[in-house]
There are 2 protein chains.
Amino acid sequence: MHPNLEELIQRLQQAITLEDLQITTESLREHYAVTHVVYHWVNSVGERFGAGTYSQEWVDRYVEKDYLRMDPVIIGCFQRFHPVDWKQLDWSTKAAKSFFREAISFGIGNQGLTIPIRGPQGQFALFTVTDTCPDEVWADFIETNSRDLILIAHEFNKKALEFEKGTEQQSAANLSPRELSAMTLLAKGLSRAQTADEMQISEHTLRVYIEAARHKLGAMNTTHAVARALSRGLIVV
Amino acid sequence: MHPNLEELIQRLQQAITLEDLQITTESLREHYAVTHVVYHWVNSVGERFGAGTYSQEWVDRYVEKDYLRMDPVIIGCFQRFHPVDWKQLDWSTKAAKSFFREAISFGIGNQGLTIPIRGPQGQFALFTVTDTCPDEVWADFIETNSRDLILIAHEFNKKALEFEKGTEQQSAANLSPRELSAMTLLAKGLSRAQTADEMQISEHTLRVYIEAARHKLGAMNTTHAVARALSRGLIVV
DNA sequence: ATTTTACTCCCCATAAATGGGGAGGTGGGC
DNA sequence: GCCCACCTCCCCATTTATGGGGAGTAAAAT
């Protein structure tokens, strides 16, 4: 374990503004003596939020070209769980190769480690450390620090979720057991007739539950109601 | 950091069967001198998988009574990111109270810390440590070990995902951008007409996307397809 | 250069979901 | 004891979703 992990995490935990997170990324960059440290998050509303040491030029370029949609780091991390060494990713396509060349020209560095992080309600974030060095040096760096970085990424995301919570409040909307059963069965793909049969009630009665759940959830239709129940963690499929 | 974390994680990383995970939970229980250690996972197909030291009687009881749907630990962890001390959860309802009493009678312990873990395609897992002790002792335990436990939980899930990859690899389900747009808008409660209008295509065309998405997701109807897309983290509302 | 993938459009008919009413029974909480 | 939330049942008519076909263009991957 790195001796200063405690101190770094404490600084993170004490952050109260976005700028504090920004400063923390800069401190981390100095501390680990790497090229860049970035925390990046696309929230449930599609808003982007991030803190990091990439140059503004690169960020602008990235947004302008909509690289989010093709960046092999994003694509790769989205289907992985463990930290991803950029070398493990698929850079074979032409677009990926030119993207990588361009990234290097913007001073991103030739090495990178990105940790995917997933939170409630489908939240997805990335914590990235990049450097400019030979493969062997980078392998050593990962070997030494990956666990610390996982914990730091975790703390970053915890903080980001705290900020998010301040901006969007969500109503409790507690559904009755029968309403929850109805929502769950519908989410499993059963039709109303099947659901009513499974719940051993008439379809007429089932409709009352569905309607009640819809109104409680402020949903437009059954599909919407099921989607909201899922998003809010009221039901599990 | 606990001196034996390295050894424990290495043992985890070398696990090649489900029984190895089971043995690891038992080793962890001894190592931390706690009442129970459990890793539990409900995958995208709804299959349950787990390793842990709970008694078979409690597991059977839990499944029989379908406690998964009301367990405050599940509900609470599903909407949280950071490790959850069971005391932070909402035990105010009558059902929750009797559930807690019953759990204690089955020797689960009066204290618990559960770490929610989320993987690709909406995978959701829980890593739990329980104990029987006073609040202050438990607070100390958490203070001392929570970070180690996060890393252990991470390794557990990495291993579980490796196992999963072996058994079911067909659930890749790549939806095209238009299919994803359709699913997202439907999940937001738009009707087909509104969705088609929003996507600026004819409703006939929209139906092709919905049908394609349904088939790819193996869903019975639109509601089911949207639910699966949400569960697997393909779309966000 | 060829194949695959994605995107767009159109037809038919039937089954399903939705909108709005109303009514009676139970149990728990104040 | 009363009220509220929950559970159950039923009617009407209309809109919407679903099932199965087919077919052409354009871009991208191989």
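Below is a summary of the structure that appears in this document.

Negative phi is the rule for most residues except glycine; trans is the rule for most peptide bonds. Residues and elements named next belong to chain A. Even without being glycine, Gln 200 reaches a positive phi, approximately 55 degrees. Here Gln 200 shows up in the loop between helix H8 (192-199) and helix H9 (203-217). Take Gln 200: its relative accessible area is 73%, and that puts it in the exposed class.

Moving on, we come to the protein's contact with DNA strand C. In the region of DNA strand C, 18 residues are neighbours, and Arg192(A), Arg207(A), Arg214(A), Thr222(A) and Tyr209(B) sit closest. Atoms of DNA strand C within 4 Å of the protein belong to the sugar or the phosphate in 60% of instances, the rest to bases. The separation between a phosphate oxygen of DNA strand C and a polar side-chain atom of Arg214(A) is 2.3 Å. In the model, a phosphate oxygen of DNA strand C is placed 2.4 Å from a nitrogen or oxygen of the Tyr209(B) side chain. Contributions of two or more residues to the surface near DNA strand C are made by H9 of chain A together with helix H7 (177-187) and helix H9 (203-217) of chain B. The leading source of residues in the surface near DNA strand C is H9(B), at 5 residues. Of the residues contributing to the surface near DNA strand C, the split by class is 5 nonpolar, 7 polar and 6 charged.

This brings us to the pattern of salt bridges. Residues and elements named next belong to chain A. All told, the structure shown has 18 salt bridges over all chains when counted by the stated rule. Note that Arg 11 and Glu 7 form a salt bridge whose closest N and O atoms lie 3.2 Å from each other. Of the two residues, Arg 11 and Glu 7 both sit in helix H1 (residues 5-13), 4 residues apart, roughly one turn of that helix. With a relative accessible area of 34%, Arg 11 lands in the partly exposed category. A relative accessible area of 45% means that Glu 7 is categorised as partly exposed. Residues participating in the shared-partner salt-bridge network are Asp 85, Lys 87 and Asp 135.

Moving on, we come to the interface of chain B and chain A. Tallying the contact residues gives 42 residues for chain B and 44 residues for chain A. Taking both sides of the interface into account, the surface hidden between chain B and chain A amounts to around 4,000 Å²; carbon and sulfur atoms contribute 62%. Sorting the residues of chain B by area buried against chain A places Phe81(B), Arg147(B) and His154(B) first, and these three jointly supply 19% of that buried surface. Our enumeration of links across chain B and chain A arrives at 2 salt bridges. Summed over the shared surface of chain B and chain A, the result is 10 residue pairs in polar contact (both at pLDDT 80 or more). Elements that contribute at least two residues to the side of chain B that touches chain A include exactly helix H1 (5-13), helix H4 (72-78), strand E4 (111-118), helix H6 (135-167), H7 and helix H10 (222-231) of chain B. Considering every element that reaches the side of chain B that touches chain A, the biggest residue donor is H6(B), with 8 residues.

What counts and what doesn't
- In this numbering scheme, every chain counts its residues from 1 along its sequence in written order.
- For naming, the first written chain is A and the first written ligand is 1, with later ones following in the order written.
- Note on the predicted model: pLDDT of at least 70 is required for a residue's local features to be given, and 80 or more for side-chain atom pairs to be given and counted; whole-chain, interface and lining totals, by contrast, use all residues.
- Excluded from the side-chain calculation are hydrogens and water; included are all heavy atoms of the structure.
- For helices the rule is a DSSP run of H or I covering at least 4 residues; for strands it is a run of E covering at least 2, with both sets numbered from the N terminus onward.
- Partly exposed residues are those whose accessible area sits between 20% and 50% of the maximum for their type, while under 20% is buried and over 50% is exposed, using a 1.4 Å probe and protein chains only.
- A cutoff of 4 Å decides nearness: a residue is near a molecule or strand if any of its heavy atoms lies inside that distance of it.
- Side-chain atoms alone can form a polar contact between residues adjacent in sequence; in general such a contact is a pair of N or O atoms within 3.5 Å, and within protein one must be able to donate a hydrogen while the other accepts it.
- Classes in brief: Ala, Val, Leu, Ile, Met, Phe, Trp, Tyr, Cys and Pro nonpolar; Asp, Glu, Lys and Arg charged; the others, Gly included, polar.
- Salt bridges, as used here, are contacts in which a Lys or Arg side-chain nitrogen is within 4 Å of a carboxyl oxygen on Asp or Glu.
- Note on contacts: a residue pair qualifies if any of its non-hydrogen atoms lie within 4.5 Å across the two residues.
- Note on definitions: buried area is the accessible-area loss of two parts on being combined, 1.4 Å probe, summed for both.

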